[in-house]
Structures are given as C-alpha cells and as structure tokens.
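What follows is each chain in one-letter form.
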Amino acid sequence: MKTYVCIVCGFIYDETLGRPEDGLAPGTLWADVPADWACPDCGVAKGDFEAVAI
Amino acid sequence: MTAIAAPDAGAAPPASGEPVVIVGCGVAGWTVARELRQRDKDRPITLVCADQGHFYAKPMLSNALAQKKAAGHLIQKTAAQQAQTLGAQVLPGTRVVAIDRSARQLILDPAAAGPLAYGQLVLALGADAVRLPTPGLEHAHSVNDIGDYHGFRDALTAAGAGARVAIIGGGLIGSEFANDLAIGGYRVSVVDPAPWLIGNLITQDNGEALKAALAGLGVDCYLGDVATSIEHQPGGSYRLALRSGTTLEADVILSAVGLRPRTELAAQADLAIERGIHVDEFGRTSDPDIFALGDCAAYASAARPDIAGGAARALPYIMPIMTAAKAIAATLAGQPTPIRFGPMAVRVKTPALPLTVSG
C-alpha cells in the first residue's frame, strides 16, 4: 500500500485508509480513485498529487 | 447607427476568436488556463508574466526541507511544458506596463510585437511581501516566490549546517518556515507582536500547543515582541534588538510579516480597489471584460454566503484560488458561473503539530 502527497498543501492519501467520506473504501488503490477527485484540503486536482512510496 | 447596450454580468463573451490573456503564471494563472482549456478546446490563451513562468506550488516553499527538496526540484513543469500541454502561448520575462481598457490591449515591456490585444483579461498578479521600516531590514530575506527561495536557500547553505535563523513574523508562513528550518537542523528564533503563533487563524490553545511543539525542536519564540533594529556584526552575523530588551544573534534573517495585494496596475486602469482588486461574485472587476483572482483580489461578500455583508476580503490561500479559477473559467467559456466559497480548510503545514483551520 502506498501514500500519495498533495504537492500543494501536504494532504496525504493513504491507500490503506482510503477516504470513506468521499466514497473511497479503505484499500482503494490510487489508480482507482476517480480522475475528478480533488484534494479535500486545498481543492487541487488528483493529477497534482505525487506518489510517495512508504 | 444602433446603440449598443453595455454588457451586463450575464452577457455572452466576446467572439470566440478573441484571446483570453492571463497576467501572472502562479498557481492562479496556470489553473485558470488549465480549467479554461478543459472547457474550451479552441479559445486562444496567452499568459504574460514578469518571471520565468514555471509552474510550482508556493505552499511547498515552506516545507521543502522536510520534503528533502532542493529549490530546483520544486518546479513541477516549465512554462514551455505547461504552454505545450495546454495549447497556450506564454510570454515570460514580460511586464504589463498598462492596461488600455478602451482598446482592450496591454502595453508590454519588453514591447516585442507591440500591444497585446485581449478579448477578456484575467489578472492573477499575486501580492508583495510586506516589508516593515525596521532599521537594517535590508539584511532580511522575504520569500514570496521561488526566486526568493533560491536566494534564501543559498544564504542558508553559505551560513552552514546548524546556522542560527531569526524569523520576523510568527504567522502562518513564519511558523511553517520555523518548523521546516528546525527539521533542517537550523537553530530558529521567531519574533511576533501577537500573544500566540498564527494569531489571526488559530485559537490560543492551538497557538500555545504549537509553540510547545516547536520548542521541542529547539525553536525559541519571542511573542508579544518586536524587532526594533538589525545590525550587521563585524564577524558577518546579525544582531537583532527586540523591544523587550532581548538581543538575538542570527546568521540568516527571514521576514514573513504579511502580504500586500498587487493593485497598482488595476488602480492605474481605474478599476475599483478595496484592499485588493475588487471583484464581484463572478470574479469580475469593475470592467466586465477583466477578471481577477488569487492573492491580488478582494472578493465581494456575495462569494461568501456564510458571511452577512461586510467588506470585500482577500483570501490568500490555495482553496479559494481553485474555486475561483473553476468558476471564472466556466464564465470565460460562455457559462456564467458565480464563485461560491464553501467551508474552506487552510492546512497549517507544521509537522510538529499539524493543524487544519476550517472556516
């Protein structure tokens, strides 16, 4: 499982945790997060996240 | 000859061949360009900027050491790469001298091919760092863009590992830099007149907790205090005198005391200014063909339905830029869309005590 950091504000998407409040169950892989999903903290697009492997 | 009615807020945009010109290549400028291109494949888009125009995220400047990023690695895409991806034209190293509203053109320096015509104009000019009139402040760095950041990192490198850094200003940016520099092994002091850190955004409890967390990293905070003078010492370091009588020794000084929206160009063009460039709920200035967003803008209260009335206000954070850019892009593409800032989160990137401020 990997973590992904929003390059603008530092919000972390952890695949293990998912983002249930956005309908992304724990274990949802980054590749399966919809393209129109945006950073909850700053609103930037999924495309602006960077992959940071644990 | 038929009288032509003045355009109103919901009027159709100029003919689709007329270019959208965006002044400023920060997050705001590039995001408007990207959002517009997503909605309109054909509209000509030109960006004009005083700097090199490379795409980077300014919030990353205050946690680059923790992320182990050299200054050069903060650039996500060069201006040329962005322009190619978006099918846009970019004119870097170019200042806008004046907006000729009646002719709908910009006077540029260097003048290059002459005035630049626009169908609609977007001002994404940003803000300048406030510089206090403290004697000796010329010895202090302000980090307001990636160019400033390069200079700051060079000064830190020259000062050496473990150098002493004094930060004037314990607001959002000063506190984030304090944390980042401490992680980077520097010995940090912070000076601020407020009683607790980031006083304009966080509660006293959180401010005290943050100070304690930073103290755990060796950061000294001098709150309720002000630097009254900075003197360059014979050995090369600096001595800061504080109003309380304390003196601090530092090798590098950072000033982070606030932002002043860049309104001069808009003021010269007789656009309405209210602290920042005043914009309505569509992001329009007092000229219907000119929009503004980001750190240069003061958004009308209509964009913040949760606030009853009140003066237009600047929102110098990332989320408002994203919200405004999407709405303005939709309006430019022919679908007038009001900006509606919902509840916004400002993330305080202090790893010692991460905070998210809502509101």
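Values in this document were obtained by computation on a predicted structure and should not be read as measured data.

S.K.: Any chance you could explain the sheet that holds strand 13 (residues 187-192) of chain B here in plain terms?
M.R.: Pairing between the strands of a sheet comes from backbone hydrogen bonds, and it takes one of two forms, parallel or antiparallel. Residue and element names in this part refer to chain B. As summarised here, the arrangement of the five strands in space is 11-18-12-13-14, forming an open sheet in which the pairing is parallel. If you trace the sheet from one side to the other, it starts and ends with strand 11 (140-141) and strand 14 (220-223), each paired once. With four bridges joining them, strand 12 (residues 164-168) and strand 18 (residues 252-255) adopt parallel strand pairing. Counted as the bridge partner of Val165 is Val252 from strand 18. In this fold helix 3 (residues 146-159) packs onto strand 11, strand 12 and strand 18, with an angle of close to 155 degrees to the strand it touches most, strand 18.

S.K.: Whenever I open this one, the pattern of salt bridges confuses me. Can you help?
M.R.: If charged atoms from side chains of opposite charge come close, those side chains can pair. Overall, the coordinates contain 13 salt bridges over all chains when judged by the stated rule. The salt bridge partner of A:Asp22 is A:Arg19, with a shortest N-O separation of 3.3 Å. With relative accessibility at 36%, the residue A:Asp22 sits in the partly exposed group. A relative accessible area of 19% means that A:Arg19 is categorised as buried. Linking B:Asp287 and B:Arg101 is a salt bridge whose minimum nitrogen-to-oxygen distance equals 2.8 Å.

S.K.: So what exactly am I meant to see when it comes to the packing of aromatic side chains here?
M.R.: Aromatic rings considered in pairs are described by the distance between their centres and by the relative angle of their planes. Residue and element names in this part refer to chain A. With the rule as written, the count across this model stands at eight aromatic pairs over all chains. Relative to Trp37, the ring of Trp30 lies with its centre 5.8 Å away and its plane at 90 degrees, an arrangement referred to as edge-to-face. This pair shows no difference in class: Trp30 is buried, exactly as Trp37 is. By the ring-pair criterion, three or more aromatic residues cluster together here, those being Tyr4, Phe11, Tyr13, Trp30 and Trp37. The side chain of Lys46 reaches across the aromatic face of Trp30, ending 5.0 Å from its centre.

S.K.: Would you mind going over the confidence of the model for chain A with me for this structure?
M.R.: Caution applies to low-pLDDT regions: their predicted coordinates should not be interpreted in detail. Of the residues in chain A, 93% reach a pLDDT of 70 or more, and the chain-wide mean stands at 85. Taking the mean pLDDT of every element in chain A, the minimum, 71, falls on strand 3 (residues 49-52) of chain A and the maximum, 89, on strand 2 (residues 12-14) of chain A.

S.K.: Can you help me understand the interface of chain A and chain B in this one?
M.R.: Frequently, the measure chosen for interface size is the accessible area that the parts lose on association. Facing the 14 residues of chain A at the interface are 15 residues of chain B. Buried surface at the junction of chain A and chain B, summed over both partners, amounts to about 1200 Å²; 53% is from carbon and sulfur atoms. Considering only the surface of chain A that becomes buried against chain B, A:Ile7, A:Val8 and A:Asp41 emerge as the three largest contributors, covering 43% of it. The tally of links from chain A across to chain B stands at zero salt bridges. Across the chain A-chain B interface, the total number found is zero residue pairs in polar contact (both at pLDDT 80 or more).

Conventions used here
Residues numbered from 1 in each chain as written. Chains lettered and ligands numbered in written order. Predicted model: local features only at pLDDT ≥ 70, side-chain atom pairs only at ≥ 80, totals over all residues. Heavy atoms only, no water. Pairing = 2+ DSSP bridges. Helix = DSSP H or I, 4+ residues; strand = E, 2+ residues; numbered from the N terminus. Contact = heavy atoms within 4.5 Å. Axes fitted to C-alpha atoms, helices over the stretch in contact; angles between N-to-C directions. Salt bridge = Lys/Arg side-chain N within 4 Å of Asp/Glu carboxyl O. Buried < 20%, exposed > 50% of the residue type's maximum accessible area, 1.4 Å probe, protein only. Phe/Tyr/Trp six-rings, centres within 6.5 Å; stacked < 30°, edge-to-face > 60°. Lys NZ or Arg CZ within 6 Å of the ring centre and 35° of its normal. pLDDT = per-residue confidence, 0-100. Buried area = accessible area lost by both parts, 1.4 Å probe. Polar contact = N/O pair within 3.5 Å; in protein donor to acceptor, adjacent residues only side chain to side chain.

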